[in-house]
Amino acid sequence: MPIFVSGLELWKWIDRAKVEAIASDVSLTELEWLLQELTSLDKLALRLESFKDLPKVELNLSLAEIAQLWERRLQERVPVQYLTGTTYWRDFSLKVTQAVLIPRPETELLIDLAVEALKPDRLNSKSNWVDLGTGSGAIAIGLASVLTNSTIYAVDFSAAALAVAQQNAENLGFGDRIKFDRGSWWEPLEFLKGQVSGMISNPPYIPSSTVLTLQPEVTKHEPHLALDGGGDGLDCIRHLAATAPDYLESGGIWLVEMMAGQAEAVVEILESHGSYCQVQIFADLAGIDRFALAYRR
Ligand SMILES: C[S@@+](CC[C@H](N)C(=O)[O-])C[C@H]1O[C@@H](n2cnc3c(N)ncnc32)[C@H](O)[C@@H]1O
């Protein structure tokens, strides 16, 4: 049953919600995201307030329920994406729950870097790729969309995260080309030794002591399994550098996201291993060194 409210009533509520947002130091953009998800209004209508004089605006939830969600955003600091259960990443609308990290915009670049790292004639070849620590499945889905003849193996230690990733892959039509396995990093993929063309991972890379100092939206609501990278934040990256050579074919791609300030240490890890060549660092759109790429010798 559709729910309707008058444009004026909605406008009055939004006006109050904006004041609360400013007082709580929450971006007005988040209010817009919530309303775009839960009403029939688009960003332009919300920005121009062109709905104000409409006799009725359609809502997915009652205004009281929307107000309750907004209260949770402000008081409990729950990210809007968890409240609506949806986020947008590259071209995809993804389901998210608190079992998965909300995929970040900078991570979108990993897919472009993987494509650029591949010789054009290999883009459409049959190959095996892995997304280790898949979370919502974002990277695996991004890879499946650009590597149209590849099989993507997506691994996570969290069964709850894998369930979300699997649902996202199915919803977006990639269910047949992405295989999901639960386990620690390469552990469930023994059968792929020496046959992997590319490994992508956005592993936990935040130093343990920093995790609890992050904003409450992150520390209170995002899974710590997705965040905590050990003492210096590099435990998982070290492990992936040490283990990947057994799985990557010669010329295979090793591509990982890291935290600001870790680039030098990651280059050192890769170069001292001896199994990698052409180690390169790439910046995100903010100019922060964020991605490390290397090729299996
Ligand atoms: C930073 S999140 C990245 C999630 C997703 N790939 C993204 O970019 O949004 C790291 C992911 O690694 C997973 N993870 C942590 N330890 C793991 C392990 N030992 N083996 C496999 N996955 C692990 C977490 O559950 C989490 O989903």
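Residues numbered from 1 in each chain as written. Predicted model: local features only at pLDDT ≥ 70, side-chain atom pairs only at ≥ 80, totals over all residues. Heavy atoms only, no water.

J.: Can you walk me through the packing of aromatic side chains in this structure?
T.: Aromatic ring pairs are reported here in terms of the distance separating the ring centres and the angle at which the planes meet. The final tally for this structure, using the stated rule, is 4 aromatic pairs. Ring centres of Phe92 and Phe174 lie 6.2 Å apart, and the angle between their planes is 90°; this geometry places the pair in the edge-to-face category. With Phe92 in strand S4 (residues 92-95) and Phe174 in the loop between helix H8 (159-171) and strand S7 (178-182), the pair connects residues that are 82 residues apart, well separated along the chain. Taken as a pair, Phe92 and Phe174 share a single burial class, namely buried. In this structure, Lys52 packs its charged tip against the face of Trp11, placed 3.9 Å from the ring centre. One cation-aromatic arrangement involves Arg182 over Phe157; the distance from NZ or CZ to the ring centre is 5.1 Å. (Phe/Tyr/Trp six-rings, centres within 6.5 Å; stacked < 30°, edge-to-face > 60°. Helix = DSSP H or I, 4+ residues; strand = E, 2+ residues; numbered from the N terminus. Buried < 20%, exposed > 50% of the residue type's maximum accessible area, 1.4 Å probe, protein only. Lys NZ or Arg CZ within 6 Å of the ring centre and 35° of its normal.)

J.: Even after reading the chapter, I still don't get the pattern of salt bridges, so can you show me in this structure?
T.: For side chains of opposite charge, pairing can occur when their charged atoms come near one another. Going through the model one piece at a time under the given rule, you end up with 13 salt bridges. Salt-bridge contacts for Glu76 lead to Arg72; the nearest nitrogen and oxygen are separated by 3.2 Å. Of this pair, Glu76 and Arg72 both sit in helix H4 (residues 63-76), separated by 4 residues, roughly a single helical turn. A salt bridge links Arg104 to Glu222; its shortest N-O distance comes to 2.5 Å. Taken together, the residues span a long stretch of sequence, with Arg104 in the loop between S4 and helix H6 (109-117) and Glu222 in the loop between helix H10 (216-219) and helix H11 (235-243) at a distance of 118 residues. Take Arg104: its relative accessible area is 24%, and that puts it in the partly exposed class. According to the relative accessible area criterion, Glu222 is buried, its value standing at 5%. (Salt bridge = Lys/Arg side-chain N within 4 Å of Asp/Glu carboxyl O.)

J.: Would you take a moment to explain the site of the ligand for this structure?
T.: The ligand sits among 17 residues. The nearest are Gly133, Asp156, Trp185, Asn202 and Ala226. Gly135 is positioned with one of its backbone polar atoms (N or O) 3.5 Å from an oxygen atom of the ligand. In the model, a nitrogen atom of the ligand is placed 3.0 Å from a nitrogen or oxygen of the Trp185 main chain. For the ligand, the protein covers 94% of the area, taking 590 Å² as the surface of the free molecule. Within the shell around the ligand, the residues separate by chemical class into 9 nonpolar, 7 polar and 1 charged. (Near = heavy atom within 4 Å. Polar contact = N/O pair within 3.5 Å; in protein donor to acceptor, adjacent residues only side chain to side chain. Areas by Shrake-Rupley, 256 points an atom, 1.4 Å probe, with all protein chains shown as cover. Nonpolar A, V, L, I, M, F, W, Y, C, P; charged D, E, K, R; others polar.)

J.: Explanation requested: the confidence of the model for the chain in the structure shown.
T.: Caution applies to low-pLDDT parts of the model: their predicted coordinates are not meant to be read in detail. Looking at the chain, pLDDT values average 97 and 100% of them are 70 or higher. Listed scores for the predicted complex are pTM 0.97 and ipTM 1.00. (pLDDT = per-residue confidence, 0-100.)

J.: Would you mind showing me how to read the pairing of S4 here?
T.: Along a regular strand, successive side chains alternate from one face of the sheet to the other. Because side chains alternate across S4, one face comprises the buried residues Phe92 and Leu94, and the other comprises Ser93 and Lys95, none of which is buried. Pairing geometry for strand S3 (residues 86-89) and S4, over 4 bridges, is antiparallel. If you follow Thr86 over to S4, its bridge partner there is Lys95. Linking two consecutive strands that pair antiparallel, namely S3 and S4, is a turn of 2 residues; a positive phi of about 50° is found at Arg90 within it. (Pairing = 2+ DSSP bridges.)

J.: What should I look at first to understand the domain arrangement of the chain in this one?
T.: One widely used convention gives an interface's size as the accessible area the parts lose upon coming together. Under the domain assignment used here, the chain contains domain 1 (3-84) and domain 2 (87-296). Relative placement of domain 1 and domain 2: their C-alpha centres are 34 Å apart. If you look at the interface, domain 1 gives 8 residues, while domain 2 gives 14 residues. Ranking the residues of domain 1 by area buried against domain 2 places Arg77, Gln81 and Tyr82 at the top, with a combined share of 63%. (Domains from an automatic or database assignment. Contact = heavy atoms within 4.5 Å. Buried area = accessible area lost by both parts, 1.4 Å probe.)

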